[in-house]
Amino acid sequence: GGGGGGGGGGGGDIGAYAYDGGGQPGKAEAELTKKLMAVRRELPGGDKKVSACYPEKGARDIAKKLPASELQLSRCDGIGEQKARKFHATILPLIRAFCEAHDEMRIRWAERVEQARVEDAAAAARAEAEAKAKADVAVAAKAAAVARRAASAADDPDFAEPAAPRRCGATSAYFEGGMSTPLGKRPLDASASRSMASRAAARLGVEK
């Protein structure tokens, strides 16, 4: 009696319901364990070494816990996140079909499905919160950078707005005086602008 109680306490998972009063797996669970052992050859890498997928102990644990999601499968003995990612597409449908065909497993399976739904919703909420936090940090960093540039510009005595475009009569083209100076500095004066316009006209073969 004490041993059975200890086993129940250690395995608070609802999958423990699969064991009969004597602490032995029920007939349906034993059958599912055999199916899980056989399906290993269909898993990635199973054609070379089935035990590399999971040992018999792992198959028994999967049959006991009846995972209904990749996360639940990762918690089974001998699985983990990496194998759960590779194997869930094969193992989970097998468990679902088996449980739906056996009345003694169907209720437990439904409980596992509901538990998986709650866990997935919580995981999605956490992921959304983390993404929002990262976005907020990025926006704050950008705002701080803009503020620093504005403060630096305000402290620069040579800073001025770029001059408006001037029309150069020799070429009938617009000459951007402000673009000839380093960004944030004052534009060229009128004399320098006329000189550059003359050189531009000469290059174009235009008579002044």
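From a predicted model like this one, the values you see are computed outputs, not experimental measurements.

Moving on, we come to the overall build of the protein chain. Of regular secondary structure, the protein chain possesses 7 helices and 2 strands. Across the 208 residues in the protein chain, those meeting the buried criterion constitute 28%. For the protein chain, the share of sequence-separated contacts (at least 6 apart) that also reach a separation of at least 24 residues comes to 55%. For the protein chain, the accessible surface area stands at approximately 13400 Å², while carbon and sulfur atoms represent 57% of it.

Taken residue by residue, the protein chain gives an average pLDDT of 75. The fraction at 70 or more is 61%. The low-confidence segment residues 1-23, where pLDDT is below 50, has 24 contacts with residues more than four positions distant or belonging to other chains. Confidence drops under pLDDT 50 across residues 170-185; counting only partners more than four residues distant or on other chains, this segment forms 33 contacts.

Quick look at the nonpolar core now. Residues L32, L36, Y54, I62, L73, I91 and I95 are the most contacted members of the largest nonpolar core, which totals 24 residues. Those elements that provide at least two residues to this core are helix 2 (27-38), helix 3 (56-65), helix 5 (80-100) and helix 6 (103-154). At 8 residues, the largest contribution of residues to this core is made by helix 5. Sequence-distant contacts of I95, that is, excluding residues within four places in its chain, are made with L36, I62, L66, P67 and W109.

Where helix 2 meets helix 3, the closest approach of the two axes is 8 Å, and the angle between their N-to-C directions is 130°. Comparing their axes, helix 3 and helix 2 come out oblique. When you trace helix 2 past helix 3, the crossing you get is right-handed. Where helix 2 abuts helix 3, its residues E29, L32, T33, L36 and M37 lie against E56, A59, R60, I62, A63 and K64. A breakdown of the residues in the contact of helix 2 with helix 3 according to their chemical character gives 6 nonpolar, 1 polar and 4 charged.

All right, on to the packing of helix 5 against helix 6 then. Contact geometry of helix 5 with helix 6 gives a least axis separation of 7 Å together with a crossing angle of 130°. For the element pair helix 5 / helix 6, the angle class is oblique. In this structure, helix 5 uses L92, I95, R96, F98, C99 and E100 to contact helix 6, whose residues at the interface are M105, R106 and W109. Residues belonging to the contact of helix 5 with helix 6 are distributed by class as follows: 6 nonpolar, no polar and 3 charged.

Counted under the stated rule, the structure contains 8 salt bridges. Here R96 and E100 are joined by a salt bridge, their closest N and O atoms 3.1 Å apart. One end of the pair, R96, and the other, E100, are both in helix 5, 4 residues apart, so they sit about a helical turn from each other. When the shortest N-O distance is used, the salt bridge between K132 and D136 registers 3.2 Å. Of this pair, K132 and D136 both sit in helix 6, 4 residues apart, roughly one helical turn.

Okay, the environment of R96 next. The exposure class of R96 is partly exposed, given its relative accessible area of 47%. For the pair formed by R96 and A68, sequence separation is 28 residues and the distance between their alpha carbons is 7.6 Å.

Our next topic: the side chain of T33. Note on placement: T33 falls in helix 2. On the accessibility criterion, T33 (10% relative accessible area) is buried. What T33 contacts, discounting residues up to four positions off in sequence, is A59, R60 and A63.

In this model, L66 sits at a positive phi of 50°, which is unusual for a non-glycine residue. Here L66 shows up in the loop between helix 3 and helix 4 (70-74).

All right, on to helix 2 then. Here helix 2 spans 17 Å end to end across 12 residues, near enough to the 16 Å set by a 1.5 Å rise per residue. By the burial criterion, the buried members of helix 2 are A28, E29, L32, T33 and L36. Here the buried residues of helix 2 occupy an arc of 140° about the axis, which is enough to place them on one side. Exposed residues lying more than 90 degrees from the buried face of helix 2 are K27, K34 and A38. Among the structural elements, helix 3, helix 5 and helix 6 are those in contact with the buried residues of helix 2.

Conventions we followed
Residues numbered from 1 in each chain as written. Predicted model: local features only at pLDDT ≥ 70, side-chain atom pairs only at ≥ 80, totals over all residues. Heavy atoms only, no water. Helix = DSSP H or I, 4+ residues; strand = E, 2+ residues; numbered from the N terminus. Buried < 20%, exposed > 50% of the residue type's maximum accessible area, 1.4 Å probe, protein only. Contact = heavy atoms within 4.5 Å. Areas by Shrake-Rupley, 256 points an atom, 1.4 Å probe, with all protein chains shown as cover. pLDDT = per-residue confidence, 0-100. Core = buried A, V, L, I, M, F, W, Y, C linked by side-chain atoms within 4.5 Å. Axes fitted to C-alpha atoms, helices over the stretch in contact; angles between N-to-C directions. Parallel < 35°, antiparallel > 145°, perpendicular 65-115°, else oblique. Left-handed = near helix turned anticlockwise from the far one by under 90°. Nonpolar A, V, L, I, M, F, W, Y, C, P; charged D, E, K, R; others polar. Salt bridge = Lys/Arg side-chain N within 4 Å of Asp/Glu carboxyl O. Expected span 1.5 Å × (residues − 1). Arc of directions from axis to C-beta.

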